[in-house]
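The primary structure of each chain is shown beneath.
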Amino acid sequence: MNGVHDMGGMMNFGPVEEEADEPAFHADWERRVFGLTLAASATGAFNIDMGRRARESIPPAEYLSSTYYEIWLAGLEKLLLETGLVSDDELASGTARMPAAPIKRVLKPQMVPSMLAVGSDSERPAETPVRFAAGDRVVTRNMHPMGHTRLPRYARGKRGVIEQVHGAHIFPDLNAHGLGEAPQRLYTVRFTGAELWGEDADPTLTTSIDAWESYLEPG
Amino acid sequence: MNDLAHSELSDVELRVRALESILAEKGYIDPATVDALVEAYETRIGPRNGAKVVARAWADDDYAQWLRADATAAITSLGFGGRQGEHTLVVENTQDEHNLVVCTLCSCYPWPLLGLPPVWYKSAPYRSRAVMDPRSVLTDFGVSLPESTRIRVWDSTAELRYLVIPMRPAGTDGWSAEQLADLVTRDSMIGTGFALRPDQVVRQ
């Protein structure tokens, strides 16, 4: 979706402001939203790509006027509703009104260190032969899907060079919609500043993205 | 008592409290797990981890070579890795080339090495401008690079996480990895800062 989350190249947001000695969280509710999101993900009811899709689908004006953890909260509520784990009625009342839906697991406190240490690997065995090699010239697809994608707008229809070839990884454009993992080879693709931003670009700038194979054509 | 306590809570606090109550009541989450997750990122998982990796790379050429060849394995050997760092790559700053990491689409960041991202990293000003005009972003951080220095921006659009190895400061010959780690700032590992000079650090 061409959402406002896809910010590369937008203008007029003002300076980057750094906070000295910034804490991990700025309020207790932020702590809870962070922990609830990770704990709820551990139920297996939704995946990380669905999480990103849910946050991106917040309407632009609301997205831009929300803090980071407000966006996480809205995304989590949306996922819980979509997956039927909770109902609107329950969210509004703060009390359970329906029986619990079946889930795969409940993360217990003693499992947290090992869960964090292991993580969740998005790499999968490659199902197709590798299509591009380092140094190959490619062009990114010009596409504007209504659904989730990890190809940013500023890097669509652009000519670049394959810089690194990685393994096959879960394809977010499908996985975000519950359509399966459909792993694809992943590549780091580098573009010149002039290709992305025109002749006034910083001549010393190059920018790379990590692109799934179906985002690319020979260039 | 409850009514009074509730009246002092903001809308978002009430919403979060309601959500946690339902999730716990339905047996989907354990509130103690939320505490444990928060505690991990407030006390154990932060930029000190990444600083140890950088310092080791500065002090040990073999380790630096391993990082270049297989950063995920080299980092795991120091006890770091896992969630949001399953596949990590290192990029090295030099006089000729400066690396800067961003996630324009959301907030991808190497959690096991740097902890949770600061607000500015997740903000519209940074995400919009880093890929297009990184020098102006660096100016916001008080960082100025020679005009001849090439800038390589890495937009983390997939599940690969990037750690910048900043240039080793002058005047640190013979320092141990432990001493060197004190010079490595969070921003220097994102590319929005330099490592500290020895005179900027007061050792305990």
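Parameters at a glance
- Residues numbered from 1 in each chain as written.
- Chains lettered and ligands numbered in written order.
- Predicted model: local features only at pLDDT ≥ 70, side-chain atom pairs only at ≥ 80, totals over all residues.
- Contact = placed C-beta atoms within 7 Å.
- Helix = DSSP H or I, 4+ residues; strand = E, 2+ residues; numbered from the N terminus.
- Pairing = 2+ DSSP bridges.
- Domains from an automatic or database assignment.
- Nonpolar A, V, L, I, M, F, W, Y, C, P; charged D, E, K, R; others polar.
- Buried ≥ 20, exposed ≤ 12 C-beta atoms within 10 Å, placed from the backbone.
- Axes fitted to C-alpha atoms, helices over the stretch in contact; angles between N-to-C directions.
- Parallel < 35°, antiparallel > 145°, perpendicular 65-115°, else oblique.
- Left-handed = near helix turned anticlockwise from the far one by under 90°.
- pLDDT = per-residue confidence, 0-100.
- Core = buried A, V, L, I, M, F, W, Y, C linked by C-beta atoms within 7 Å.

1. With respect to the interface of chain B and chain A
Point 1. Listed per partner, the contact involves 67 residues of chain B and 70 residues of chain A.
Point 2. Counting residues per element, the ones that place at least two in the side of chain B that touches chain A are α2 (11-25), α3 (31-44), α7 (119-122), α8 (124-129), α9 (134-140) and β3 (150-155) of chain B.
Point 3. As defined by bridge partners, strand β5 (residues 205-212) of chain A adjoins β3(B) across five bridges and the pair is classed as parallel. When the sheet's bridge partners are listed, S208(A) is paired in β3(B) with W154(B).

2. What to know about the domain arrangement of chain A
By a frequent convention, interface size equals the accessible area lost on bringing the separate parts together.
Residues and elements named next belong to chain A.
Point 1. For chain A, the assigned domains read domain 1 (28-118) and domain 2 (127-218).
Point 2. Look at where the C-alpha atoms of domain 1 and domain 2 centre, and you get two points 29 Å apart.
Point 3. Across the boundary between the two partners, domain 1 contributes six residues, which contact five residues of domain 2.
Point 4. Class assignment of the residues belonging to the side of domain 1 that touches domain 2 gives a composition of one nonpolar, one polar and four charged.

3. A word on the pairing of strand β2 (residues 97-102) of chain B
Residue and element names in this part refer to chain B.
Point 1. By the criterion of burial, β2 is predominantly enclosed, with five of the six residues buried.
Point 2. Bridging between β2 and β3 involves six bridges; their strand directions are parallel. In the strand pairing of β3, N99 is matched with R152.

4. Brief notes about the packing of helix α1 (residues 28-41) of chain A against α3(B)
Angle between the axes and distance between the axes: these two values describe a pair of packed helices.
Point 1. For the pair α1(A) and α3(B), interaxial distance at closest approach is 8 Å and the crossing angle is 110°. The orientation of α1(A) with respect to α3(B), classified from their angle, is roughly perpendicular. Contact residues: R31(A), R32(A), F34(A), G35(A), L36(A), L38(A) and A39(A) in α1(A); T33(B), V34(B), L37(B) and V38(B) in α3(B).
Point 2. Across the contact of α1(A) with α3(B), the residue classes tally to seven nonpolar, two polar and two charged.

5. Examining the packing of helix α2 (residues 48-56) of chain A against helix α4 (residues 68-82) of chain A
All names here are of chain A.
Point 1. Put simply, α2 and α4 touch, their axes get as near as 8 Å, and they point 115° apart. The orientation of α2 with respect to α4, classified from their angle, is roughly perpendicular. Our pair here, α2 against α4, has a crossing hand that is right-handed. Taken together, the residues of α4 that come into contact with α2 (itself represented by M50, G51, A54 and R55) are I71, W72, G75, K78 and L79.
Point 2. Partitioned by chemical class, the residues of the contact of α2 with α4 number five nonpolar, two polar and two charged.

6. Details of the pairing of strand β2 (residues 137-140) of chain A
The two faces of a sheet get side chains in turn, since along a regular strand they alternate between them.
Residues and elements named next belong to chain A.
Point 1. Along β2, the buried face is formed by V138 and T140; none of R137 and V139, which line the opposite face, is buried.
Point 2. Pairing between β2 and strand β3 (residues 159-169): three bridges, direction antiparallel. In the sheet register, V139 faces β3, and the bridge partner there is R159.
Point 3. For β2 and strand β6 (residues 216-218), the ladder comprises three bridges, and the chain directions are antiparallel. Each residue of the ladder has a partner; that of T140, found in β6, is L216.

7. Points about the confidence of the model for chain B
As a note on interpretation, predicted positions should not be read in detail where pLDDT is low.
Point 1. Looking at chain B as a whole, the pLDDT averages 95, with 96% of positions reaching at least 70.
Point 2. With pTM at 0.97, the complex prediction returns an ipTM value of 0.97.

8. Things to note about unusual backbone geometry
Point 1. Non-glycine residue D21(A) carries a positive phi angle of around 50°.
Point 2. Mapped onto the elements, D21(A) comes out in the segment before α1.

9. Some details on the nonpolar core
Point 1. In terms of nonpolar packing, the biggest core is built from 108 residues, with L36(A), A39(A), L37(B) and V54(B) touching the most fellow members.
Point 2. It is α4(A) that provides the largest number of residues to this core, a total of eight residues.

10. Overview of the environment of P125(A)
Residue and element names in this part refer to chain A.
Point 1. You can see P125 is positioned in the loop between β1 (123-124) and β2.
Point 2. Assessed through the 7 C-beta atoms surrounding it within 10 Å, P125 is described here as exposed.
Point 3. A C-alpha to C-alpha distance of 12 Å links P125 and H166, two positions 41 residues apart in sequence.

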